[in-house]
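# Examination of the molecular architecture
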Amino acid sequence: MPDSGSSSSRSEKKGDAAGKQPLHQRKDPYEVLGVGRNATDQEIKGAYRRMALKYHPDKNANDPVAADVFKEVTFSYNILSDPDKRRQYDSSGFEGIESDSQELELDLSSLNTVNTMFAALFSKLGVPIKTTVSATVLEEALNGMVIVRPLQLGQSLSRKVEKQSAHFYSVEITEKEVQMGFVCRVQSADRSKFKLLYFEKEETGGLSLALQEDSAKTGKVTSSGMFFLGFPVYRFDQSTSIAAAKDPDTAFFKKLDGFQPCEINELKAGTHIFAVYGDNFFKSVSYTIEVMCAEPFPAEKEKLQTVEAKLLTKRAELSKFESEYRDVLAKFTEMTSRYAQEMQEIDDLIKERNEIHASYTANPLLKRSSSSSKVRTSSRGSKSDGDHHRKEKKSRDRPKKKIWFNIRLKMDKRKPC
């Protein structure tokens, strides 16, 4: 793999325009990260981590060149870390990449209070905000400066982590447990946002981020999990979700686009490091973490494979169904438009026919007025009905004559005085 430092220096020379260039002027993502076109996912991740730490705004205050390089590095990694976008770029360049791939992930810890408030507001309004793990947390982990607490298999632990901070846990896994598979799950009863992270040990003794799962709302809680079951398992990539799309049809047909295979399905026996990262905008995160062996859940493992196989089938079927649906929808729209047009034409013809019928008369005055007489009659009838109704109402509302001291004042005219 080419040296990332040389790539960084090349990017630095052109960094003042990074993040502002149109697609056709963007730099080659492979060149930006300093990797070859045949680089593995792990090589791409490693290059990105090194360059992100080097050019992160936290470490380069008031350096616009470093900030632009950081944006370009993040943009390049968003392309090469996604199998679909990488394939589109390899075949068609930037023109083959959808516009949503230009979105950047935000490090909330690097934003000031005002920008954080704006991000929180947009999130409340339903605008998806991508966030990334704080560079400070990643750097401390890489330098071995984090506290790692042991977590027993089968143990459930509830704690609270501050925003943009992380709690690290070590779990010992035996060979038998590797064969049976194991699962790490985190839940938040107050539906806080968090990230579940898995770190690999470096030769230097530090920790580097290898897997990341964002929390998602499931009923009355937010939850996230990593499943190492010895067979390919899948995850929903939130970054490719367009649930907030204005077009509900598009949102439906793209619903399974984020259903992608996990990068790691099986871990070797030994010590493994997990972490819970507080991803709230302003407050701490209450959570419960547990790591368990999959041995007591054989039926669940089998069902999981079956359900995920069905989802893969549905994802393939949706593509064909979408084209059929669009064709039928276009035909339906055409038919409803024609329906309205035919109805209008029929009404116009009937009106013309009535006018012709009314023209058969020897009285010119009657001929002119006959076409509108019915309308006037109907109007007068409605008016007289309204007047009669108002008179009736007025008479009903007229107060009765009062009787003073229980003596009726009305006189009988038949009797003489």
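Residues numbered from 1 in each chain as written. Predicted model: local features only at pLDDT ≥ 70, side-chain atom pairs only at ≥ 80, totals over all residues. Heavy atoms only, no water.

## Details of the nonpolar core
Judged by nonpolar contacts, the single largest core of 24 residues is most densely connected at F228, F274 and I289. At the level of secondary structure, the elements contributing two or more residues to this core comprise β3 (166-173), β4 (182-188), β5 (194-201), β6 (207-214), β8 (221-228), β11 (270-278) and β12 (285-293). No other element matches the four residues that β12 contributes to this core. Here F274 is in contact with H167, F168, Y169, V171, F182, C184, L197, Y198, M226 and F228, once residues within four sequence places are set aside. (Core = buried A, V, L, I, M, F, W, Y, C linked by side-chain atoms within 4.5 Å. Buried < 20%, exposed > 50% of the residue type's maximum accessible area, 1.4 Å probe, protein only. Helix = DSSP H or I, 4+ residues; strand = E, 2+ residues; numbered from the N terminus. Contact = heavy atoms within 4.5 Å.)

## Looking at the packing of helix α3 (residues 41-55) against helix α4 (residues 64-80)
At their nearest, the axes of α3 and α4 sit 9 Å apart, and the two run at 160° to each other. By the criterion of interaxial angle, the relationship of α3 to α4 is roughly antiparallel. The chirality of how α3 crosses α4 is left-handed. For the pair formed by α3 and α4, the contact residues are I44, K45, Y48, M51, A52 and Y55 on the first element and A66, V69, F70, V73, T74, Y77 and L80 on the second. (Axes fitted to C-alpha atoms, helices over the stretch in contact; angles between N-to-C directions. Parallel < 35°, antiparallel > 145°, perpendicular 65-115°, else oblique. Left-handed = near helix turned anticlockwise from the far one by under 90°.)

## Quick word on the pairing of β8
Within β8, seven of the eight residues are buried, leaving the element largely enclosed by the surrounding structure. With seven bridges connecting them, β4 and β8 associate as antiparallel partners. Considered in β8, the bridge of V186 is made with S224. In this sheet, β8 lies alongside strand β7 (residues 216-218) in antiparallel orientation, the contact comprising three bridges. Paired with K217 across the strands is T222, a residue of β8. (Pairing = 2+ DSSP bridges.)

## A word on the sheet that holds β5
Within the open sheet, the five strands sit side by side as β1-β3-β11-β5-β6. Their pairing is mixed. With partners counted over all chains shown, the strands left at the sheet margins are β1 (148-150) and β6, one partner each. Averaged over all neighbouring strand pairs, the angle between strand axes comes to 30°, with direction disregarded. Alignment of β1 against β3, held across three bridges, turns out to be parallel. Bridge pairing in β3 links V148 to F168.

## Some points on the pattern of salt bridges
Applying the stated criterion across every chain, the model contains ten salt bridges. Between K176 and E295 there is a salt bridge, and its shortest N-O distance comes to 4.0 Å. In this pair, K176 is assigned in helix α8 (residues 175-180) and E295 in the loop between β12 and α10 (298-358), connecting sequence segments 119 residues apart. Relative accessible area serves as the criterion here: at 52%, K176 is assigned to the exposed category. Ionic pairing is found between E213 and R235, a salt bridge with its closest N-O pair at 2.6 Å. Of this pair, E213 sits in strand β6 while R235 is found in strand β9 (residues 234-236), placing the two residues 22 residues apart along the sequence. A network of salt bridges, in which partner residues are shared, links D28, R37 and D90. (Salt bridge = Lys/Arg side-chain N within 4 Å of Asp/Glu carboxyl O.)

## Thoughts on the side chain of S215
In this structure, S215 sits in the loop between β6 and β7. Overall, S215 belongs to the buried group, its relative accessible area being 16%.

## Here's the deal with helix α7 (residues 135-142)
Listed as buried for α7 are A135, V137 and A141. What you see down the axis of α7 is that its buried residues fit within an arc of 160°, all on one side. If you follow the buried residues of α7, they end up packed against α3, β3, β5, β6 and β11. With a side-chain oxygen lying 3.2 Å from the backbone nitrogen of T136, the N-terminal cap of α7 falls on S134. Directly beyond the C-terminal end of α7, a positive phi value near 70° is found at G144. (Arc of directions from axis to C-beta. Polar contact = N/O pair within 3.5 Å; in protein donor to acceptor, adjacent residues only side chain to side chain.)

## Quick notes on the packing of α4 against helix α5 (residues 83-92)
Contact pair α4 / α5: the axes reach a minimum separation of 6 Å and the direction vectors enclose 100°. Of the possible angle classes, the one that applies to α4 and α5 is roughly perpendicular. In this structure, α4 uses N78, I79 and L80 to contact α5, whose residues at the interface are K85, R86 and Y89. For the contact of α4 with α5, the residue count by class is three nonpolar, one polar and two charged. (Nonpolar A, V, L, I, M, F, W, Y, C, P; charged D, E, K, R; others polar.)

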